[in-house]
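# Structure assessment
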Amino acid sequence: MDAQRTLRRQISCVGIGLHSGNKVNLSLKPAAADFGIRFRRTDLGHHEVPATVHNLAGIQLATGLARNEVTVETVEHLLAALVSMSVDNVCIELNSPEVPIMDGSAAPFIYLIHEAGVKSLQAPRKYLKIVRPIAISRGDKRIALYPSDHFKVTYSISYDHPLLRHQSRTLRITEETFIEEVAPARTFTFLKDVEMLRQNGLALGGSLENAIVLGETGVLNNALRFDDEFVRHKILDAVGDLALVGYPVIGHLVAHRAGHALHTEFAAKILEETQAWRLVEASADGADVPLPLPAKAPAPRLAN
């Protein structure tokens, strides 16, 4: 049986919210089978917000969730680390509305998961396997999922900037490839946008320590971690946003110039397109065992 997994023990960290600039205490706690990934606001009476598309809230340069007026923001990097490490069940406690940005990548969260350890549970893991293409396009932005035997991502970006005319990468996402080739890629922004962001109350915790900043001709940081760090970070974001489907996906995700708003709109569309996928378990011989569809959930709250 391909079993669900959780953490072996609790682990904690402290960081800064990228947009709020506030100090955040964050703890990852083991959880039982079928608990899923849930955020728990310890500063608001331990109210929980499950990490699903049905709790999507306003998307503004990051992915946010809300339930019963309780919000959690900038969840995508942590979600990407958890699902790529096959952690199905975890309670994420934090005392602030925003997950800490750490160094702007998912690598610190991978470190936390490694330190906590991972253990199997006595319940099978369910996968969402794509059997027919699903696609969305919004102007020159587009995103699609195609049938595949594995979870694979092809992402391309294009900006009017000397360093970012065009970047593209295709990668099969496994624990190893995510850790080595995706997790260290940091979030990025343009120097010309920083002042505008701060005037709008965003990026208040941003610095060269937790983001790549692009000036007119180059990077203000000392060095890039990869020549194509920008598109790798977009893959990271897409993996985290797609986690809101609620199941590991088996399919080939293809995106061009997409972002959090399109990623999350697409995650909601996937669940609506019930003819395009089936829930499966992996049997002992590696074959897919089809499962009945889940009960119909309430309509997702789409991003503003």
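Report on the accompanying structure. Here the structure is a predicted model, which means the values were calculated and not measured.

### A short note on the sheet that holds strand 4 (residues 37–41)
Taken in spatial order, the five strands line up as 2-3-8-4-5 in an open sheet, and their pairing is mixed. Bordering the open sheet on either side are strand 2 (11–16) and strand 5 (47–50), each of which pairs with just one other strand. Taking the axes of each pair of neighbouring strands and ignoring which way they run, one obtains an average angle of 25° across the sheet. Of the strand pairs in this sheet, strand 2 and strand 3 (residues 23–30) are connected by six bridges, and their pairing is antiparallel.

### What to know about the packing of aromatic side chains
A complete count under the given rule lists three aromatic pairs for this structure. Plain terms: the ring middles of Tyr159 and Phe188 are 6.0 Å apart, the flat faces sit at 85° to each other, and that makes the pair edge-to-face. Remark: Phe188 occurs in strand 15 (residues 188–190) and Tyr159 occurs in the loop between strand 13 (151–157) and strand 14 (167–172); sequence separation between them is 29 residues. The exposure class of Phe188 is buried, given its relative accessible area of 14%. Residues Phe188 and Phe230 carry aromatic rings whose centres are separated by 5.1 Å and whose planes lie at 90° to one another, so their mutual orientation is edge-to-face. Taken as a pair, Phe188 in strand 15 and Phe230 in helix 5 (residues 229–242) lie far apart in primary sequence, 42 residues in all. Among the aromatic residues, those joined into a cluster by ring pairs are Tyr159, Phe188, Phe190 and Phe230. Directly above the ring of Phe226 sits Arg232, whose terminal nitrogen or CZ lies 4.0 Å from the centroid.

### Details of the pattern of salt bridges
Taken as a whole and assessed by the stated rule, the structure comprises 18 salt bridges. With a shortest N-O distance of 2.8 Å, Glu175 and Arg5 are connected by a salt bridge. Separated by 170 residues along the polypeptide, Glu175 in helix 3 (residues 175–182) and Arg5 in strand 1 (residues 3–7) bring together distant segments of the chain. Given the relative accessible area of 25%, Glu175 is considered partly exposed. Linking Lys269 and Glu273 is a salt bridge whose minimum nitrogen-to-oxygen distance equals 3.1 Å. One salt-bridge network, in which partners are shared between bridges, spans Lys29, Arg38, Arg40, Glu48 and Glu93.

### A few points about the pairing of strand 13
Of all seven residues making up strand 13, six are buried, and the element is well covered by its neighbours. In this structure, strand 13 lies alongside strand 17 (residues 249–256), joined through six bridges in parallel fashion. The partner of Tyr155 across the bridge, within strand 17, is Ala255. The pairing of strand 13 with strand 14 spans six bridges and is classified as antiparallel. Across the sheet, Ile157 pairs through a bridge with Gln167, a residue of strand 14.

### Describing helix 3
Structural remark: α-helix, 3.6 residues per turn; residues separated by three or four positions point the same way. For helix 3, the complete set of buried residues consists of Thr177, Phe178 and Val182. Considered in projection along helix 3, the buried side chains sweep an arc of 100° and stay on one side of the axis. Helix 3 presents Glu176 and Glu180 as exposed residues on the side facing more than 90 degrees away from its buried surface. Among the structural elements, helix 1 (76–84), helix 2 (107–116), strand 14 and helix 5 are those in contact with the buried residues of helix 3.

### Some words on a nonpolar patch on the surface
The grouping of Leu191, Leu208 and Leu220 at the surface amounts to a nonpolar patch, some 260 Å² of accessible area in total. Structurally, the position occupied by Leu191 is in helix 4 (residues 191–199). Look at Leu191 and you get partly exposed, because its relative accessible area is 45%.

### Considerations on the side chain of Thr189
When you line up the elements, Thr189 lands in strand 15. Setting aside its immediate chain neighbours within four residues, Thr189 contacts Val194, Leu197, Ile212, Val213 and Leu214.

### Structural notes on the packing of helix 1 against helix 2
The N-to-C vectors of helix 1 and helix 2 enclose an angle of 45°; their axes lie 9 Å apart at closest approach. Considered as vectors, helix 1 and helix 2 are oriented oblique to each other. The element helix 1 and its partner helix 2 pack so that their crossing is right-handed. Here His77, Leu78, Ala81 and Leu82 of helix 1 lie close against helix 2, whose contacting residues are Phe109, Ile110 and Ile113. For the contact of helix 1 with helix 2, the residue count by class is six nonpolar, one polar and no charged.

What counts, and where the lines are drawn
Residues numbered from 1 in each chain as written. Predicted model: local features only at pLDDT ≥ 70, side-chain atom pairs only at ≥ 80, totals over all residues. Heavy atoms only, no water. Pairing = 2+ DSSP bridges. Helix = DSSP H or I, 4+ residues; strand = E, 2+ residues; numbered from the N terminus. Axes fitted to C-alpha atoms, helices over the stretch in contact; angles between N-to-C directions. Phe/Tyr/Trp six-rings, centres within 6.5 Å; stacked < 30°, edge-to-face > 60°. Buried < 20%, exposed > 50% of the residue type's maximum accessible area, 1.4 Å probe, protein only. Lys NZ or Arg CZ within 6 Å of the ring centre and 35° of its normal. Salt bridge = Lys/Arg side-chain N within 4 Å of Asp/Glu carboxyl O. Arc of directions from axis to C-beta. Contact = heavy atoms within 4.5 Å. Patch = residues over 30% accessible without salt bridge, like charges linked within 9 Å, V, L, I, M, F, W, Y side chains within 5 Å. Areas by Shrake-Rupley, 256 points an atom, 1.4 Å probe, with all protein chains shown as cover. Parallel < 35°, antiparallel > 145°, perpendicular 65-115°, else oblique. Left-handed = near helix turned anticlockwise from the far one by under 90°. Nonpolar A, V, L, I, M, F, W, Y, C, P; charged D, E, K, R; others polar.

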